[in-house]
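Listed below are the residues making up each chain.
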Amino acid sequence: LSATFGRNIQVTLVESDEIGTVGVGEATVPSILTLHRLLKIKEPEFLKATNATFKLGIQFERWKDTESQYFHSFGDTGSGCWAAGFQHFWLRGQREGLASDYGDYCLELQAARQNKFSLVSEQRMNYAYHLDAGLYGQYLRQISESRGVVRQEGKISHVNLDSLSGYITSISLDSGLTVDGDLFIDCTGFRALLLGEAMQVGYDDWSDLLPANRAYAVQTQAAREPVPYTRAIAHDCGWQWQIPLQNRVGNGLVFSDHFVSEQTALDTLISHLPVQPETEPRLIKFVTGQRQRYWQKNCIGIGLASGFIEPMESTSIHMIQSALMWLLLMFPRDGINCTVVEDYNQRIQREVLHIRDFIVLHYHVTQRRDSELWRYLSSMPIPDSLQNKLQQFKTSGQVFKPQDDFFAENSWIQVMMGQGLLPSSYHPIVDTMSSMELSQFLQTQKQYVQNGLEKLSPHVQFVRAYCQAS
(Lines give C-alpha, C1' and ligand atoms only; values in the text may rest on other atoms or scores of the structure.)
Protein backbone atom coordinates (compact mmCIF):
# COMPACT_ATOMS: atom_id res chain seq x y z
CA LEU A 1 0.00 0.00 0.00
CA SER A 2 2.77 2.44 0.90
CA ALA A 3 4.74 1.56 -2.25
CA THR A 4 1.71 2.12 -4.48
CA PHE A 5 0.03 5.15 -2.91
CA GLY A 6 2.89 6.72 -1.00
CA ARG A 7 1.80 9.35 1.48
CA ASN A 8 -1.58 9.91 -0.24
CA ILE A 9 -2.96 7.48 2.32
CA GLN A 10 -2.03 7.03 5.97
CA VAL A 11 -1.22 3.45 6.99
CA THR A 12 -0.99 2.47 10.66
CA LEU A 13 0.05 -1.03 11.67
CA VAL A 14 -1.05 -2.18 15.12
CA GLU A 15 1.26 -4.94 16.29
CA SER A 16 2.47 -6.43 19.55
CA ASP A 17 5.94 -7.85 20.20
CA GLU A 18 4.26 -10.10 22.78
CA ILE A 19 2.36 -11.98 20.07
CA GLY A 20 4.50 -14.28 17.94
CA THR A 21 3.90 -15.10 14.30
CA VAL A 22 3.46 -18.57 12.85
CA GLY A 23 6.78 -18.00 11.12
CA VAL A 24 7.02 -21.29 9.21
CA GLY A 25 6.15 -19.95 5.74
CA GLU A 26 9.73 -20.32 4.60
CA ALA A 27 9.13 -21.66 1.09
CA THR A 28 7.58 -19.52 -1.63
CA VAL A 29 6.31 -19.75 -5.21
CA PRO A 30 7.42 -17.73 -8.29
CA SER A 31 4.70 -15.09 -7.92
CA ILE A 32 6.77 -13.54 -5.12
CA LEU A 33 9.08 -12.14 -7.80
CA THR A 34 6.18 -10.01 -9.08
CA LEU A 35 5.66 -8.55 -5.61
CA HIS A 36 9.36 -7.77 -5.31
CA ARG A 37 9.39 -5.99 -8.67
CA LEU A 38 6.49 -3.85 -7.48
CA LEU A 39 8.38 -3.01 -4.29
CA LYS A 40 11.61 -2.40 -6.28
CA ILE A 41 13.45 -4.87 -4.07
CA LYS A 42 17.03 -5.64 -5.08
CA GLU A 43 17.26 -9.40 -5.20
CA PRO A 44 20.81 -9.95 -3.86
CA GLU A 45 20.17 -7.56 -0.96
CA PHE A 46 16.94 -9.31 -0.01
CA LEU A 47 18.51 -12.78 -0.28
CA LYS A 48 21.41 -11.82 1.98
CA ALA A 49 19.05 -10.27 4.55
CA THR A 50 16.88 -13.39 4.78
CA ASN A 51 19.51 -16.17 4.50
CA ALA A 52 17.66 -17.24 1.38
CA THR A 53 18.34 -19.89 -1.24
CA PHE A 54 16.65 -20.60 -4.55
CA LYS A 55 13.73 -22.97 -5.12
CA LEU A 56 12.93 -24.69 -8.43
CA GLY A 57 10.12 -26.88 -7.12
CA ILE A 58 9.21 -29.61 -4.63
CA GLN A 59 10.41 -33.19 -4.46
CA PHE A 60 7.57 -35.44 -3.27
CA GLU A 61 8.80 -38.63 -1.65
CA ARG A 62 6.65 -41.68 -0.76
CA TRP A 63 3.37 -40.07 -1.90
CA LYS A 64 2.33 -42.39 -4.73
CA ASP A 65 3.49 -45.39 -2.69
CA THR A 66 6.08 -46.04 0.01
CA GLU A 67 8.99 -46.37 -2.45
CA SER A 68 8.61 -43.83 -5.26
CA GLN A 69 9.25 -40.12 -5.61
CA TYR A 70 8.45 -37.44 -8.18
CA PHE A 71 9.13 -33.76 -8.71
CA HIS A 72 6.75 -30.83 -9.10
CA SER A 73 8.85 -28.17 -10.80
CA PHE A 74 8.02 -24.54 -11.52
CA GLY A 75 9.03 -24.88 -15.16
CA ASP A 76 7.41 -25.89 -18.42
CA THR A 77 7.87 -29.45 -19.64
CA GLY A 78 8.53 -29.52 -23.36
CA SER A 79 6.40 -27.54 -25.79
CA GLY A 80 3.31 -28.65 -27.63
CA CYS A 81 1.14 -27.08 -30.30
CA TRP A 82 -1.95 -24.91 -30.21
CA ALA A 83 -4.30 -27.90 -29.89
CA ALA A 84 -2.32 -30.23 -27.64
CA GLY A 85 0.18 -29.79 -24.86
CA PHE A 86 3.52 -31.58 -24.76
CA GLN A 87 2.07 -34.39 -22.62
CA HIS A 88 0.14 -35.70 -25.65
CA PHE A 89 3.30 -36.03 -27.75
CA TRP A 90 5.09 -37.60 -24.79
CA LEU A 91 2.28 -40.13 -24.25
CA ARG A 92 2.51 -41.40 -27.82
CA GLY A 93 6.29 -41.39 -27.52
CA GLN A 94 6.04 -43.57 -24.42
CA ARG A 95 3.83 -46.08 -26.23
CA GLU A 96 6.32 -46.35 -29.09
CA GLY A 97 9.41 -46.42 -26.88
CA LEU A 98 10.60 -43.03 -28.17
CA ALA A 99 10.26 -40.94 -25.00
CA SER A 100 12.21 -41.04 -21.77
CA ASP A 101 10.97 -39.88 -18.35
CA TYR A 102 8.54 -36.92 -18.53
CA GLY A 103 10.80 -34.86 -16.30
CA ASP A 104 13.71 -35.17 -18.72
CA TYR A 105 12.10 -32.45 -20.83
CA CYS A 106 11.96 -29.79 -18.08
CA LEU A 107 15.00 -27.58 -17.44
CA GLU A 108 13.98 -26.54 -13.92
CA LEU A 109 13.38 -30.13 -12.87
CA GLN A 110 16.70 -31.39 -14.21
CA ALA A 111 18.55 -28.43 -12.72
CA ALA A 112 17.04 -29.19 -9.32
CA ARG A 113 18.01 -32.87 -9.52
CA GLN A 114 21.57 -31.90 -10.40
CA ASN A 115 21.65 -29.14 -7.74
CA LYS A 116 22.29 -26.43 -10.32
CA PHE A 117 21.09 -22.85 -10.60
CA SER A 118 22.05 -19.62 -12.38
CA LEU A 119 20.36 -16.49 -13.69
CA VAL A 120 21.13 -16.96 -17.38
CA SER A 121 19.42 -14.23 -19.38
CA GLU A 122 18.89 -16.24 -22.57
CA GLN A 123 17.42 -19.23 -20.73
CA ARG A 124 15.93 -17.78 -17.56
CA MET A 125 14.29 -20.33 -15.28
CA ASN A 126 11.12 -20.10 -13.22
CA TYR A 127 12.10 -20.00 -9.57
CA ALA A 128 11.14 -18.90 -6.07
CA TYR A 129 12.93 -18.74 -2.72
CA HIS A 130 13.51 -20.49 0.57
CA LEU A 131 13.75 -17.74 3.18
CA ASP A 132 13.74 -17.00 6.90
CA ALA A 133 10.16 -15.78 7.45
CA GLY A 134 11.07 -13.79 10.57
CA LEU A 135 13.91 -11.96 8.84
CA TYR A 136 11.68 -11.39 5.81
CA GLY A 137 9.10 -9.66 8.01
CA GLN A 138 11.80 -7.38 9.44
CA TYR A 139 13.09 -6.61 5.97
CA LEU A 140 9.63 -5.62 4.69
CA ARG A 141 9.02 -3.57 7.84
CA GLN A 142 12.06 -1.41 7.09
CA ILE A 143 10.81 -0.78 3.56
CA SER A 144 7.29 0.09 4.78
CA GLU A 145 8.40 2.45 7.52
CA SER A 146 10.72 4.25 5.11
CA ARG A 147 7.62 4.96 3.00
CA GLY A 148 5.53 6.38 5.81
CA VAL A 149 3.87 3.42 7.51
CA VAL A 150 3.47 4.00 11.26
CA ARG A 151 3.84 1.00 13.58
CA GLN A 152 1.80 1.19 16.77
CA GLU A 153 2.84 -1.22 19.52
CA GLY A 154 -0.08 -2.72 21.41
CA LYS A 155 -2.72 -5.42 21.76
CA ILE A 156 -6.31 -5.03 20.63
CA SER A 157 -8.74 -4.99 23.54
CA HIS A 158 -11.91 -4.10 21.65
CA VAL A 159 -13.16 -3.52 18.11
CA ASN A 160 -15.60 -0.61 17.96
CA LEU A 161 -18.49 -0.80 15.51
CA ASP A 162 -20.91 1.86 14.31
CA SER A 163 -24.30 0.95 15.75
CA LEU A 164 -26.17 1.78 12.53
CA SER A 165 -23.89 0.72 9.67
CA GLY A 166 -21.95 -2.07 11.40
CA TYR A 167 -18.73 -0.61 10.05
CA ILE A 168 -15.58 -0.61 12.19
CA THR A 169 -14.92 2.91 13.45
CA SER A 170 -11.82 2.22 15.55
CA ILE A 171 -9.93 -0.32 17.61
CA SER A 172 -9.10 0.13 21.28
CA LEU A 173 -5.74 -1.04 22.60
CA ASP A 174 -4.97 -2.37 26.06
CA SER A 175 -2.86 0.75 26.64
CA GLY A 176 -6.00 2.87 26.45
CA LEU A 177 -5.13 4.25 23.02
CA THR A 178 -7.80 4.28 20.28
CA VAL A 179 -6.85 3.94 16.61
CA ASP A 180 -9.49 4.99 14.13
CA GLY A 181 -9.56 4.49 10.36
CA ASP A 182 -11.60 4.21 7.19
CA LEU A 183 -10.46 0.74 6.09
CA PHE A 184 -9.27 -2.04 8.40
CA ILE A 185 -7.16 -5.02 7.31
CA ASP A 186 -7.40 -7.97 9.68
CA CYS A 187 -3.96 -9.58 10.03
CA THR A 188 -4.62 -11.09 13.46
CA GLY A 189 -3.96 -14.67 12.38
CA PHE A 190 -6.21 -17.63 13.17
CA ARG A 191 -8.17 -15.61 15.76
CA ALA A 192 -9.49 -13.17 13.13
CA LEU A 193 -10.33 -10.59 15.81
CA LEU A 194 -11.87 -8.15 13.33
CA LEU A 195 -13.36 -10.16 10.48
CA GLY A 196 -14.33 -13.23 12.49
CA GLU A 197 -15.09 -12.08 16.04
CA ALA A 198 -16.24 -8.48 15.55
CA MET A 199 -17.81 -8.73 12.07
CA GLN A 200 -19.16 -12.26 12.70
CA VAL A 201 -18.08 -13.63 9.31
CA GLY A 202 -18.37 -17.41 9.38
CA TYR A 203 -15.77 -20.01 8.44
CA ASP A 204 -16.10 -22.89 5.97
CA ASP A 205 -14.35 -25.91 7.51
CA TRP A 206 -12.66 -28.23 4.97
CA SER A 207 -11.44 -30.83 7.47
CA ASP A 208 -13.34 -33.58 5.63
CA LEU A 209 -11.13 -32.97 2.58
CA LEU A 210 -7.95 -31.85 4.33
CA PRO A 211 -8.01 -33.51 7.75
CA ALA A 212 -4.56 -32.33 8.85
CA ASN A 213 -4.99 -29.92 11.79
CA ARG A 214 -1.58 -29.88 13.46
CA ALA A 215 2.03 -29.19 12.54
CA TYR A 216 5.28 -29.41 14.48
CA ALA A 217 8.03 -27.04 13.33
CA VAL A 218 11.69 -27.20 14.31
CA GLN A 219 15.02 -25.93 13.01
CA THR A 220 18.23 -27.86 12.51
CA GLN A 221 21.69 -27.15 11.27
CA ALA A 222 22.34 -28.15 7.68
CA ALA A 223 23.54 -31.71 7.19
CA ARG A 224 24.53 -30.97 3.59
CA GLU A 225 24.82 -28.06 1.20
CA PRO A 226 21.46 -26.41 0.40
CA VAL A 227 19.62 -27.83 -2.58
CA PRO A 228 17.38 -25.72 -4.87
CA TYR A 229 14.15 -27.48 -3.93
CA THR A 230 11.86 -28.26 -1.01
CA ARG A 231 11.41 -31.84 0.14
CA ALA A 232 7.93 -33.15 1.07
CA ILE A 233 8.26 -36.62 2.59
CA ALA A 234 5.11 -38.65 3.27
CA HIS A 235 4.91 -40.85 6.38
CA ASP A 236 2.15 -43.11 7.60
CA CYS A 237 0.91 -40.37 9.97
CA GLY A 238 1.30 -37.29 7.72
CA TRP A 239 4.09 -35.58 5.80
CA GLN A 240 7.38 -33.87 6.61
CA TRP A 241 8.90 -30.76 5.07
CA GLN A 242 12.57 -29.83 4.68
CA ILE A 243 13.42 -26.29 3.58
CA PRO A 244 17.13 -25.49 3.14
CA LEU A 245 18.33 -21.97 3.95
CA GLN A 246 21.91 -20.73 3.79
CA ASN A 247 22.47 -21.13 7.53
CA ARG A 248 20.02 -23.84 8.61
CA VAL A 249 17.14 -26.10 7.59
CA GLY A 250 13.47 -25.59 8.40
CA ASN A 251 11.72 -28.85 9.27
CA GLY A 252 8.20 -29.82 10.19
CA LEU A 253 5.54 -32.49 10.20
CA VAL A 254 1.92 -31.94 9.18
CA PHE A 255 -0.58 -34.40 10.68
CA SER A 256 -4.09 -34.92 12.06
CA ASP A 257 -4.69 -35.67 15.72
CA HIS A 258 -7.72 -37.69 14.62
CA PHE A 259 -5.36 -40.32 13.23
CA VAL A 260 -2.27 -40.05 15.43
CA SER A 261 -1.34 -38.61 18.82
CA GLU A 262 0.73 -35.44 19.08
CA GLN A 263 3.50 -37.40 20.81
CA THR A 264 3.68 -40.01 18.06
CA ALA A 265 3.80 -37.28 15.42
CA LEU A 266 6.61 -35.52 17.28
CA ASP A 267 8.54 -38.78 17.66
CA THR A 268 8.14 -39.40 13.92
CA LEU A 269 9.51 -35.97 13.07
CA ILE A 270 12.48 -36.16 15.45
CA SER A 271 13.41 -39.65 14.28
CA HIS A 272 13.54 -38.49 10.65
CA LEU A 273 15.65 -35.36 11.18
CA PRO A 274 19.14 -35.62 9.64
CA VAL A 275 20.70 -34.01 12.74
CA GLN A 276 19.56 -33.08 16.23
CA PRO A 277 17.20 -30.04 16.45
CA GLU A 278 18.64 -26.74 17.61
CA THR A 279 15.26 -25.28 18.66
CA GLU A 280 12.38 -26.65 20.70
CA PRO A 281 9.70 -28.18 18.44
CA ARG A 282 6.71 -25.84 18.22
CA LEU A 283 3.14 -27.14 17.86
CA ILE A 284 0.84 -25.19 15.55
CA LYS A 285 -2.90 -25.93 15.56
CA PHE A 286 -5.13 -25.01 12.62
CA VAL A 287 -8.34 -25.79 10.78
CA THR A 288 -8.22 -25.84 6.99
CA GLY A 289 -10.86 -23.70 5.33
CA GLN A 290 -11.73 -20.13 4.44
CA ARG A 291 -13.86 -17.26 5.70
CA GLN A 292 -17.23 -17.05 3.99
CA ARG A 293 -16.31 -13.50 3.03
CA TYR A 294 -12.87 -11.95 2.72
CA TRP A 295 -14.14 -8.36 2.56
CA GLN A 296 -17.04 -7.40 4.83
CA LYS A 297 -18.12 -3.74 5.00
CA ASN A 298 -14.85 -1.86 5.70
CA CYS A 299 -12.84 -4.85 6.91
CA ILE A 300 -10.64 -7.15 4.81
CA GLY A 301 -9.10 -10.36 6.15
CA ILE A 302 -5.67 -11.16 4.75
CA GLY A 303 -3.41 -14.06 5.64
CA LEU A 304 -4.43 -16.54 8.33
CA ALA A 305 -7.35 -14.33 9.40
CA SER A 306 -9.01 -15.14 6.07
CA GLY A 307 -8.36 -18.89 6.06
CA PHE A 308 -5.66 -21.50 5.77
CA ILE A 309 -4.71 -24.29 3.40
CA GLU A 310 -1.88 -26.43 4.69
CA PRO A 311 1.66 -25.59 3.51
CA MET A 312 2.18 -28.47 1.07
CA GLU A 313 2.58 -26.25 -2.02
CA SER A 314 3.83 -23.10 -0.24
CA THR A 315 0.74 -21.04 -1.09
CA SER A 316 0.24 -19.05 2.14
CA ILE A 317 2.52 -16.13 1.24
CA HIS A 318 1.14 -16.19 -2.30
CA MET A 319 -2.43 -15.80 -1.02
CA ILE A 320 -1.38 -12.80 1.09
CA GLN A 321 0.17 -11.33 -2.02
CA SER A 322 -2.82 -12.13 -4.22
CA ALA A 323 -5.27 -10.57 -1.75
CA LEU A 324 -3.14 -7.43 -1.60
CA MET A 325 -2.81 -7.20 -5.39
CA TRP A 326 -6.59 -7.37 -5.84
CA LEU A 327 -7.01 -4.78 -3.08
CA LEU A 328 -4.62 -2.45 -4.89
CA LEU A 329 -6.61 -2.89 -8.11
CA MET A 330 -9.96 -2.31 -6.35
CA PHE A 331 -8.86 0.18 -3.70
CA PRO A 332 -11.77 2.41 -2.63
CA ARG A 333 -11.40 6.13 -3.16
CA ASP A 334 -14.78 7.52 -2.14
CA GLY A 335 -16.18 4.96 0.27
CA ILE A 336 -16.93 1.25 0.04
CA ASN A 337 -18.60 0.08 -3.19
CA CYS A 338 -20.70 -3.05 -2.63
CA THR A 339 -20.24 -4.24 -6.22
CA VAL A 340 -16.46 -4.02 -5.90
CA VAL A 341 -16.61 -5.86 -2.57
CA GLU A 342 -18.61 -8.73 -4.10
CA ASP A 343 -16.24 -8.97 -7.05
CA TYR A 344 -13.24 -9.07 -4.69
CA ASN A 345 -14.79 -11.84 -2.58
CA GLN A 346 -15.67 -13.96 -5.60
CA ARG A 347 -12.24 -13.65 -7.17
CA ILE A 348 -10.35 -14.62 -4.02
CA GLN A 349 -12.75 -17.46 -3.20
CA ARG A 350 -12.41 -18.97 -6.68
CA GLU A 351 -8.63 -18.87 -6.51
CA VAL A 352 -8.61 -20.48 -3.07
CA LEU A 353 -10.97 -23.25 -4.20
CA HIS A 354 -8.62 -24.12 -7.07
CA ILE A 355 -5.69 -24.25 -4.63
CA ARG A 356 -7.73 -26.44 -2.27
CA ASP A 357 -8.48 -28.91 -5.06
CA PHE A 358 -4.82 -29.05 -6.04
CA ILE A 359 -3.78 -29.88 -2.49
CA VAL A 360 -6.52 -32.52 -2.14
CA LEU A 361 -5.20 -34.11 -5.35
CA HIS A 362 -1.88 -34.98 -3.65
CA TYR A 363 -3.65 -36.80 -0.86
CA HIS A 364 -6.44 -38.51 -2.77
CA VAL A 365 -4.68 -39.92 -5.84
CA THR A 366 -2.38 -42.40 -4.13
CA GLN A 367 -1.76 -46.12 -4.00
CA ARG A 368 -0.91 -46.01 -0.30
CA ARG A 369 -3.14 -48.04 2.02
CA ASP A 370 -0.59 -48.63 4.80
CA SER A 371 -2.26 -46.59 7.54
CA GLU A 372 -5.70 -45.41 8.62
CA LEU A 373 -4.86 -41.89 7.38
CA TRP A 374 -3.98 -42.97 3.84
CA ARG A 375 -6.94 -45.34 3.61
CA TYR A 376 -9.25 -42.46 4.52
CA LEU A 377 -7.60 -40.03 2.07
CA SER A 378 -7.72 -42.41 -0.87
CA SER A 379 -11.41 -43.26 -0.37
CA MET A 380 -12.88 -39.93 0.77
CA PRO A 381 -15.43 -38.14 -1.46
CA ILE A 382 -13.87 -35.23 -3.33
CA PRO A 383 -15.39 -32.08 -4.89
CA ASP A 384 -16.97 -32.44 -8.32
CA SER A 385 -14.58 -29.77 -9.61
CA LEU A 386 -11.61 -32.01 -8.82
CA GLN A 387 -13.31 -35.25 -9.85
CA ASN A 388 -14.11 -33.80 -13.28
CA LYS A 389 -10.53 -32.64 -13.79
CA LEU A 390 -9.13 -36.05 -12.85
CA GLN A 391 -11.57 -37.87 -15.11
CA GLN A 392 -10.87 -35.57 -18.05
CA PHE A 393 -7.11 -36.10 -17.72
CA LYS A 394 -7.45 -39.85 -17.27
CA THR A 395 -9.53 -40.33 -20.41
CA SER A 396 -8.06 -37.70 -22.75
CA GLY A 397 -4.81 -36.32 -21.33
CA GLN A 398 -6.34 -32.84 -21.39
CA VAL A 399 -5.98 -30.21 -18.67
CA PHE A 400 -7.89 -26.98 -19.24
CA LYS A 401 -6.77 -24.30 -16.81
CA PRO A 402 -9.39 -21.80 -15.60
CA GLN A 403 -8.13 -18.24 -15.73
CA ASP A 404 -8.26 -17.88 -11.95
CA ASP A 405 -6.39 -21.12 -11.19
CA PHE A 406 -3.01 -20.18 -9.76
CA PHE A 407 -1.39 -23.48 -10.72
CA ALA A 408 -0.29 -23.97 -14.32
CA GLU A 409 -1.44 -26.88 -16.46
CA ASN A 410 2.01 -28.43 -16.16
CA SER A 411 1.73 -28.35 -12.36
CA TRP A 412 -1.44 -30.43 -12.52
CA ILE A 413 0.15 -32.79 -15.06
CA GLN A 414 3.32 -33.33 -13.03
CA VAL A 415 1.41 -34.10 -9.84
CA MET A 416 -1.27 -36.28 -11.45
CA MET A 417 1.28 -38.41 -13.30
CA GLY A 418 3.65 -38.38 -10.33
CA GLN A 419 0.86 -39.76 -8.17
CA GLY A 420 0.25 -42.52 -10.70
CA LEU A 421 -2.64 -41.17 -12.79
CA LEU A 422 -1.74 -41.74 -16.47
CA PRO A 423 -4.06 -40.88 -19.38
CA SER A 424 -5.48 -43.69 -21.50
CA SER A 425 -5.49 -41.56 -24.65
CA TYR A 426 -3.89 -38.54 -26.30
CA HIS A 427 -5.00 -35.83 -28.74
CA PRO A 428 -5.42 -37.09 -32.35
CA ILE A 429 -3.38 -34.21 -33.77
CA VAL A 430 -0.26 -36.02 -32.52
CA ASP A 431 -0.86 -38.77 -35.09
CA THR A 432 -0.21 -36.34 -37.94
CA MET A 433 3.48 -36.86 -37.15
CA SER A 434 5.36 -39.94 -38.34
CA SER A 435 7.28 -41.96 -35.77
CA MET A 436 10.54 -40.51 -37.12
CA GLU A 437 9.22 -36.97 -36.87
CA LEU A 438 8.01 -37.59 -33.34
CA SER A 439 11.37 -39.05 -32.34
CA GLN A 440 13.20 -36.01 -33.72
CA PHE A 441 10.73 -33.67 -32.02
CA LEU A 442 11.24 -35.31 -28.64
CA GLN A 443 15.00 -35.35 -29.04
CA THR A 444 15.03 -31.64 -29.85
CA GLN A 445 13.03 -30.90 -26.71
CA LYS A 446 15.44 -32.97 -24.62
CA GLN A 447 18.50 -31.33 -26.19
CA TYR A 448 17.14 -27.90 -25.26
CA VAL A 449 17.20 -28.97 -21.61
CA GLN A 450 20.72 -30.39 -21.90
CA ASN A 451 21.98 -27.18 -23.50
CA GLY A 452 20.46 -25.18 -20.67
CA LEU A 453 22.01 -27.36 -17.98
CA GLU A 454 25.50 -26.76 -19.37
CA LYS A 455 25.15 -23.03 -18.67
CA LEU A 456 24.23 -23.46 -15.00
CA SER A 457 26.47 -23.40 -11.94
CA PRO A 458 26.25 -25.55 -8.82
CA HIS A 459 23.48 -24.03 -6.69
CA VAL A 460 25.62 -23.44 -3.59
CA GLN A 461 28.40 -21.91 -5.70
CA PHE A 462 25.97 -19.45 -7.27
CA VAL A 463 24.45 -18.51 -3.89
CA ARG A 464 27.88 -17.81 -2.40
CA ALA A 465 28.86 -15.58 -5.31
CA TYR A 466 25.50 -13.80 -5.68
CA CYS A 467 24.01 -13.41 -2.21
CA GLN A 468 26.12 -14.94 0.56
CA ALA A 469 24.63 -13.98 3.92
CA SER A 470 27.02 -12.49 6.47
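Residues numbered from 1 in each chain as written. Predicted model: local features only at pLDDT ≥ 70, side-chain atom pairs only at ≥ 80, totals over all residues. Heavy atoms only, no water.

Examining the state of the cysteines
In the structure shown here, the tally under the stated rule is 0 disulfides. Here C299 is not disulfide-linked; the sulfur of C187 is the nearest cysteine sulfur, at 9.4 Å. (Disulfide = S-S within 2.5 Å.)

What about the side chain of H364?
Considering the arrangement of structural elements, one finds H364 in helix α10 (residues 338-364). Residue H364 is classed as buried on the basis of its relative accessible area of 15%. Other than its neighbours up to four places away in sequence, H364 contacts L377, S378, S379, M380 and I382. (Helix = DSSP H or I, 4+ residues; strand = E, 2+ residues; numbered from the N terminus. Buried < 20%, exposed > 50% of the residue type's maximum accessible area, 1.4 Å probe, protein only. Contact = heavy atoms within 4.5 Å.)

Quick word on the sheet that holds strand β20 (residues 299-301)
Spatially, β11-β20-β19 is the arrangement adopted by the 3 strands of the open sheet, whose pairing is mixed. Sheet topology places β11 (184-186) and β19 (295-296) at the edges, where each strand pairs with a single neighbour. Where β11 and β20 come together, 3 bridges link them in parallel fashion. Residue pairing across strands places I185 opposite I300, the latter belonging to β20. (Pairing = 2+ DSSP bridges.)

Quick look at helix α6 (residues 133-146)
In this model α6 runs 20 Å from its N-terminal to its C-terminal C-alpha over 14 residues, within 8% of the 20 Å that 1.5 Å per residue would give. Next to the buried residues of α6 lie α2 (32-38) and α3 (43-49). Between the side-chain oxygen at the start of α6 and the backbone nitrogen of G134 there is a gap of 3.0 Å, and the oxygen is on D132. Downstream of α6 by one or two residues, G148 has phi in the positive range, about 105°. (Expected span 1.5 Å × (residues − 1). Polar contact = N/O pair within 3.5 Å; in protein donor to acceptor, adjacent residues only side chain to side chain.)

Considerations on the pattern of salt bridges
Under the counting rule described, the total for this entry stands at 20 salt bridges. For D132, the salt bridge is made with R248, and the minimal N-O distance between the two is 3.2 Å. Pair noted here: D132 is in the loop between β6 (128-130) and α6 and R248 is in the loop between β15 (238-244) and β16 (249-255), with a separation of 116 residues, a long-range link. Each member of the pair, D132 as well as R248, carries the same accessibility label: buried. Between D257 and R214 there is a salt bridge, with its nearest N and O atoms 3.0 Å apart. One end of the pair, D257, is in the loop between β16 and α8 (262-271); the other, R214, is in strand β13 (residues 214-220), with 43 residues separating them in the sequence. For D257, a relative accessible area of 31% corresponds to the partly exposed category. One network of salt bridges, in which partners are shared, links E15, D17, R151 and E153. (Salt bridge = Lys/Arg side-chain N within 4 Å of Asp/Glu carboxyl O.)

Observations regarding the packing of aromatic side chains
If you walk through the whole model with that rule in mind, you get 34 aromatic pairs. Plain terms: the ring middles of F54 and Y127 are 5.5 Å apart, the flat faces sit at 75° to each other, and that makes the pair edge-to-face. Separated by 73 residues along the polypeptide, F54 in strand β2 (residues 53-55) and Y127 in the loop between β5 (116-117) and β6 bring together distant segments of the chain. Taking relative accessible area as the criterion, Y127 reaches 3% and is therefore assigned buried. Grouping aromatic residues by their ring pairs yields a cluster made of F46, F54, F117, Y127, Y129, Y136, Y139, F462 and Y466. One Lys or Arg, R356, reaches over the ring of W206 and ends 5.0 Å from the middle of that ring. A cation over a ring is seen here: K389 above W412, with NZ or CZ 4.6 Å from the ring centre. (Phe/Tyr/Trp six-rings, centres within 6.5 Å; stacked < 30°, edge-to-face > 60°. Lys NZ or Arg CZ within 6 Å of the ring centre and 35° of its normal.)

Purely geometric stuff here, so don't read any function into it on its own.
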